[in-house]
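The primary structure of each chain is shown beneath.
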Amino acid sequence: MTGAENEDDIPLGERKTVTDFCYLLDKSKQLFNGLRDLPQYGHKQWQSYFGRTFDVYTKLWKFQQQHRQVLDTRFTTTTTFVPQKRRSYYFQVNKEDRPELVVKKLRYYARYIVVCLLLNKMDLVKVLVKELSEEIEDYTQRFNTEDQLEWNLVLQEVAAFVEADPVVVLNDNSSVVVNSNRLLEGSVPPLEQGMVVGQLVLADALIIGNCNNQVKFSELTIDMFRMLQALEREPVNLATQTSKQGALEPNEKPAKRENPHKYLLYKPTFSQLYTFLSASFKELPANSALLVYLSATGVFPTGHSDYEGPYDFGGVLTNTNRDVVNGETVQKRNQAQKEMHCLHPGDLFPFTRKPLFVIVDSTNSKSYKHFTNLFGQPLVCLLSPTVYPKSVQDQCQRGSLFTLFLYSPLLAFSSVCGLSSVHRGLWERAQEFLHKVYHDIGQMITRSRTIDQAFLQFFGDEFLRLLLIRFVFCSAALRLHKLFREAQSFPESYPELPKQDTVESSLLQKHILELATMLDVQSLFWDDSLEAY
């Protein structure tokens, strides 16, 4: 209520409306505070709390829509709850000489930007970054505080994050097109009629980022962000739902969400990683698969042992206070001992009791070639190149090329060909051509007589099917590219794919050369497959 107005002067009906609204607001706050006491890992125990919390939130929102005029009159702008007025919550802060309130406003902007990044609202992110820049400039001019450099670093981080894509798509007026790389309806090649594949569904995904010197914002590296987007469906009726006012009609249901549950772990310790992995493994439903994505600095073994087991090839780095030099850990231990701050291939063995799909993007990804399927469950590992040409290595701060291929093959293909921009019309034609290529790759996988059945077990899930298809395309494209000449520059997998049926298929090589010609970069590829080998 406005301070100049006495409560007795408010009509009884309006007073009840305000009282009811405050009750619902307090109830929602209590429920949200209760969520803080729940464990960070596992999600089944969260479901009932989420349901209750958002039931109250929905009632609050509906109540507000019904009594908007009264509530807007009786509440100042600093307590506005209307989502469309989200940033006006802090409208009055800049008028007060209190730096702690301004810091709250800056933190709000940072959190809001993270949410918009996760929702892939890049247009809104750019608006928020501009506003945040202005707020930080005003803050640093008005107050002489010790955290000025810290906030300027936040601004630099988010600016670098937004500009991390190596190639931009341009409209005719040279404005940048914002594309979604989420899974679109109809974008995954359908299974051939009568094709028998596994019925596994990707239920959980652990997305782990522990790369040094990679573009990040908050606790989200660019590789983590790209893999997160690759495991999300594009909402098919989001525009329809958001354009409607009030509640959905009784006979109308919101779009069904079929995204896998995801954990985002930024620089976890081994204990943290194992805790979340164990919780996800425990809660994995029947006929479901678990995906583990590792984007991390490589840890290499020192010396050789007579017996080479799953702990003798190194692995990927987990968080520690240990010094890091030139991107690799400094070894300060007896050579006979194993690195403890490392996720070794053997550490994942217990979790192969259930279907497991692993993606390793690391300078020591090859250590995960030495896997053993002990329990006969479906198991696939997709492994990044460990060596890149210098021109590609120079771009590693903006994210890994391998993950970029899994996120957006055309973006990665254009980047590795040295393109910095592509006009929209050409981009759309190339994307349409790629969809046909994906269809052919899908048939290569399902029709191969020598392919390991593990690949087919995962092929029934749309997310995993698309990742496998993109992996094959990446492997074939790099094999034909003239800059990639070392064996370590090609992706690998466990189990191995039959090369002649997939990554070295003459049909796929023909498609890659056609795409290169379409983009006018055919000179970068071997035009005769016999020259490449």
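Residues numbered from 1 in each chain as written. Predicted model: local features only at pLDDT ≥ 70, side-chain atom pairs only at ≥ 80, totals over all residues. Heavy atoms only, no water.

Per an unreviewed UniProt entry, the recorded name for the protein chain is Protein SCAI, and the organism is Dissostichus eleginoides.

Enquirer: Describe helix α6 (residues 148–162), with residues and values.
Expert: Taking 1.5 Å of rise per residue, 15 residues should cover 21 Å, and α6 covers 22 Å from first to last C-alpha, within 8% of that figure. Burial in α6 covers these residues: Trp151, Val154, Leu155, Val158, Phe161 and Val162. For α6, the arc enclosing every buried residue in end-on projection is 130°, short of the 170-degree limit, so these residues lie on one face. In this structure, α6 carries Leu149 and Gln156 as exposed residues pointing more than 90 degrees from its buried face. Lining the buried residues of α6 we find α4 (99–118), α5 (122–142), β4 (216–217), β5 (220–221) and α7 (222–230). (Helix = DSSP H or I, 4+ residues; strand = E, 2+ residues; numbered from the N terminus. Expected span 1.5 Å × (residues − 1). Buried < 20%, exposed > 50% of the residue type's maximum accessible area, 1.4 Å probe, protein only. Arc of directions from axis to C-beta. Contact = heavy atoms within 4.5 Å.)

Enquirer: Can you lay out the sheet that holds strand β1 (residues 168–170) for me, pointing to particular residues and giving the numbers?
Expert: The sheet built from 3 strands is open, its strands ordered β2-β1-β15 with mixed pairing. Because the sheet does not close on itself, it has two edges, and the strands there are β2 (176–177) and β15 (421–423). As paired elements, β1 and β15 share 3 bridges and run parallel to each other. What sits directly across from Val169, in β15, is Val422. Packing against the sheet, helix α13 (residues 424–447) makes contact with β1, β2 and β15, and its axis sits at approximately 85° to β15. (Pairing = 2+ DSSP bridges. Axes fitted to C-alpha atoms, helices over the stretch in contact; angles between N-to-C directions.)

Enquirer: Residues and numbers for the sheet that holds strand β14 (residues 379–383), please.
Expert: Sheet architecture is open: 6 strands sit in the order β6-β3-β7-β13-β14-β16, paired in mixed fashion. Because the sheet does not close on itself, it has two edges, and the strands there are β6 (261–266) and β16 (492–494). Strand-to-strand twist in this sheet, taken as the mean axis angle between neighbours without regard to direction, amounts to 10°. Here strand β13 (residues 356–361) pairs with β14 via 5 bridges, running parallel. Counterpart to Val358 in the pairing with β14 is Cys381.

Enquirer: Talk me through the nonpolar core; I want residue IDs and the actual numbers.
Expert: Counting 108 residues, the largest nonpolar core has Leu291, Ile359 and Phe413 as its most contacted members. A per-element tally of this core places helix α15 (residues 462–480) first, with 14 residues. Not counting residues up to four positions away in its chain, the partners in contact with Ile359 are Met227, Leu291, Val292, Tyr293, Leu294, Leu382, Phe402, Leu406 and Leu467. (Core = buried A, V, L, I, M, F, W, Y, C linked by side-chain atoms within 4.5 Å.)

Enquirer: Report on the UniProt feature "coiled-coil region" (unreviewed entry) in the protein chain, specifying residues and quantitative values.
Expert: Mapped onto the present numbering, the UniProt feature "coiled-coil region" (unreviewed entry) falls on residues 122–149. Counted over residues 122–149, helix gives 82% and strand 0%. Its end C-alpha atoms are 25 Å apart. (UniProt positions renumbered as here; feature names shortened; annotations may be inferred.)

Enquirer: Lay out the confidence of the model for the protein chain in plain terms, naming residues and giving numbers.
Expert: When the pLDDT values of the protein chain are averaged, the result is 82; 73% of them are 70 or greater. Confidence, expressed as mean pLDDT per element, reaches its minimum in the protein chain at helix α8 (residues 238–243) with 45 and its maximum at β13 with 98. This model gives residues 1–10 a pLDDT under 50, and the stretch forms 11 contacts once residues within four places in sequence are excluded. Across residues 238–245, confidence stays below pLDDT 50; counting only partners more than four residues off in sequence or on other chains, it has 6 contacts. (pLDDT = per-residue confidence, 0-100.)

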